[in-house]
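Here is how the chains run, residue by residue.
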Amino acid sequence: MSVDTALRPHAEDAFAHELKALAAADDRPRPARWNLSPWAVATYLLGGELPDGTVVTPKYVGPRRIVEVAVSTLATDRALLLLGVPGTAKTWVSEHLAAAVSGDSTLLVQGTAGTPEEAVRYGWNYARLLTGGPSREALVPSPVMRAMAEGRIARVEELTRIPADVQDTLITILSEKTLPIPELGTETQAVHGFNVIATANDRDRGVNDLSSALRRRFNTVVLPLPATVEEEVDIVSRRVRQLGRSLELPAAPEGADEIRRVVTVFRELRGGVTADGRTKVKSPSGTLSTAEAISVVTNGLALAAHFGDGVLRAGDIAAGILGAVVRDPSADRVVWQEYLETVVREREGWKDFYRACREVTP
């Protein structure tokens, strides 16, 4: 499928021109089988301008040191664990790291409560297994096994959602860099360039905690929430523009004010205090992450494009905010109504937003 027709292109396809320009300009040492040097990988994530004038767009907005530690970890024999609350761009960073290092972000294991051991190790083509017995031809390699053989980065999403016994199949892979295949009396050894990036959610602590043996195999990097309103507005604006182009939504000429409102509401509710620090507010049960803010604004753009005049307004984002805030119909509705009446209603320049929210709040 071409990049132009894919609804959500892989990072290595969507930003192929940037990766190519970086590779051409990159004269620094590269670890074995890396497409770029660690410096170029960090530049790809953080953005910058190359000597030929190519502008590399930021993929991650946050402390530079976090990206440098993550990239340098992948150049060692330690795996990388990206930890953070929902919506801190763990998956996004994981994908772009794999794309920049290996040129392939698709070697992915999606962690769920039902993830089997075969998803991490290998499975079998049962038709061939029944007719010819165990053989290399009958073996179906997992994404991790393929990454080991090809010297690439494997990604494991939501590691703590995977059952503990399946998690621990990674121990031998990460410590010995070997995957035994006892049915064939052989093994797959990792070649240079192989490593694993896993993500885990702070809110999932206690679901399937990592064993101490497995945790020792990872270098943990915590991705924080955006430090300032401006930083979060910038993140939301960039991602909304990218999503808008992918979904072929018309550009919103005057959406900056509404984006700032969404970000301000989310930050105040999850922080439990207004931006000026004068009023304490109750926090709802949801995370109100940056990712959810992006979703609210994108949905608002779709409403403005298809049922409005193309300009993002308060009425276009009100329902989305309500859906993001009120997850528990009983407790969260009280929190939201109190916030509307004590904060939004009294805020200068927010009358249209207050009216729009009241109209959609039952």
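Here the structure is a predicted model, which is why all the values come from computation and not from measurement.

*Asks:* Can you walk me through the overall build of the chain in this structure?
*Replies:* The number of helices and strands found in the chain is 16 helices and eleven strands. Whereas a compact globule of 362 residues would reach a radius of gyration of roughly 21 Å, the chain reaches 23 Å, a difference of no more than 12%. In terms of principal-axis extent, the alpha carbons of the chain reach across some 70 × 50 × 40 Å. Put simply, 71% of the contacts in the chain that link residues at least 6 apart link residues at least 24 apart. Entry remark: accessible area of the chain is about 17,200 Å², with carbon and sulfur atoms responsible for 52%. Computing the positive centroid from 42 side-chain charges and the negative centroid from 47, the chain places the two 3 Å apart.

*Asks:* Quick question: what am I supposed to make of the nonpolar core here?
*Replies:* Nonpolar side chains tend to gather and get buried jointly when the protein is soluble and globular. Judged by nonpolar contacts, the single largest core of 37 residues is most densely connected at V265, F266, I321, W336 and F353. Looking at this core, the elements that each hand over two or more residues are α11 (229-246), α12 (256-271), α13 (290-307), α14 (314-325), α15 (331-344) and α16 (351-360). Tallying contributions element by element places α14 first for this core, with seven residues. Setting aside its immediate chain neighbours within four residues, V265 contacts I321, W336, Y339, W350 and F353.

*Asks:* It is not clear to me how α16 should be interpreted in this structure. Could you clarify?
*Replies:* Because the α-helix completes a turn every 3.6 residues, residues three or four places apart line up on one side. Listed in full, the buried residues belonging to α16 are F353, Y354, A356 and C357. Each buried residue of α16 sits inside an arc of 165° when the element is viewed along its axis, so together they form one side. Turned more than 90 degrees away from the buried face of α16, the exposed residues are R355 and E359. If you follow the buried residues of α16, they end up packed against α12, α14 and α15.

*Asks:* Mind showing me how you'd approach the side chain of H96 here?
*Replies:* You can see H96 is positioned in helix α5 (residues 90-102). What makes H96 buried here is its relative accessible area of 0%. At 2.8 Å, the side chain of H96 forms a polar contact with the side chain of Y44. In this structure, H96 is in contact with A11, F15, Y44, L45 and K59, ignoring residues within four places of it in sequence.

*Asks:* Teacher, can you tell me more about the sheet that holds strand β11 (residues 218-222) here?
*Replies:* One key point about sheets: their strands pair by backbone hydrogen bonds, in either a parallel or an antiparallel sense. What the five strands build is an open sheet, ordered β4-β7-β10-β3-β11; its pairing is parallel. Because the sheet does not close on itself, it has two edges, and the strands there are β4 (108-110) and β11. Sheet twist, expressed as the average angle between the axes of neighbouring strands with direction ignored, equals 20°. The strands touched by α5 within the sheet are β3 (79-84), β7 (153-157) and β10 (195-201), with β7 carrying the most contacts at an inclination of about 170°.

*Asks:* Just checking my understanding: could you explain the packing of α11 against α13 for this structure?
*Replies:* In helix packing, the relevant descriptors are the interaxial angle and the interaxial distance, both defined with respect to the helix axes. Between α11 and α13, the least distance of the axes is 9 Å, while the angle of their chain directions is 50°. As judged from the angle between their axes, α11 and α13 are oblique. Relative to α13, α11 is oriented so that their crossing is right-handed. Between α11 and α13, the contacting residues are E232, I235, V236, R239, V240 and L243 on the first element and T290, A293, I294, V297, T298 and L301 on the second. Grouping the amino acids of the contact of α11 with α13 by side-chain chemistry returns eight nonpolar, two polar and two charged.

*Asks:* Would you take a moment to explain the environment of V191 for this structure?
*Replies:* Structurally, V191 can be placed in the loop between β9 (186-189) and β10. Looking at V191, the relative accessible area reads 29%, which means it is partly exposed. Residues within four places of V191 in sequence aside, it is in contact with R33, M148, A149, E150 and G151.

*Asks:* Explain the packing of α14 against α16 here, please?
*Replies:* α16 packs onto α14 with a crossing angle of 50° between their chain directions and a minimal axis gap of 8 Å. Taken as axis vectors, α14 and α16 run oblique relative to one another. Of the two possible hands of crossing, α14 and α16 adopt the one that is right-handed. Residues A314, G315, I317, A318, A319, I321 and L322 of α14 form the contact with α16, whose own contacting residues are D352, F353, A356, C357 and V360.

*Asks:* Just to check I follow, could you spell out the pairing of β7 for this structure?
*Replies:* Along any regular strand, the residues point their side chains to alternate faces of the sheet. Within β7, five of the five residues are buried, leaving the element largely enclosed by the surrounding structure. Where burial is concerned, the two faces of β7 agree: the one with I153, R155 and E157 and the one with A154 and V156 are both buried. Relative to β7, β4 runs parallel, the two being bridged by three bridges. Bridge pairing in β7 places L108 opposite R155. The sheet contact formed by β7 and β10 spans four bridges and is parallel. Bridge pairing links R155 to I197 in β10.

Each value, and the rule that gives it
- Residues numbered from 1 in each chain as written.
- Predicted model: local features only at pLDDT ≥ 70, side-chain atom pairs only at ≥ 80, totals over all residues.
- Heavy atoms only, no water.
- Helix = DSSP H or I, 4+ residues; strand = E, 2+ residues; numbered from the N terminus.
- Rg over C-alpha atoms; globule rule 2.2 N^0.38 Å.
- Contact = heavy atoms within 4.5 Å.
- Areas by Shrake-Rupley, 256 points an atom, 1.4 Å probe, with all protein chains shown as cover.
- Lys, Arg positive; Asp, Glu negative; His and termini not counted.
- Charge placed at Lys NZ, Arg CZ, Asp CG, Glu CD.
- Core = buried A, V, L, I, M, F, W, Y, C linked by side-chain atoms within 4.5 Å.
- Buried < 20%, exposed > 50% of the residue type's maximum accessible area, 1.4 Å probe, protein only.
- Arc of directions from axis to C-beta.
- Polar contact = N/O pair within 3.5 Å; in protein donor to acceptor, adjacent residues only side chain to side chain.
- Pairing = 2+ DSSP bridges.
- Axes fitted to C-alpha atoms, helices over the stretch in contact; angles between N-to-C directions.
- Parallel < 35°, antiparallel > 145°, perpendicular 65-115°, else oblique.
- Left-handed = near helix turned anticlockwise from the far one by under 90°.
- Nonpolar A, V, L, I, M, F, W, Y, C, P; charged D, E, K, R; others polar.

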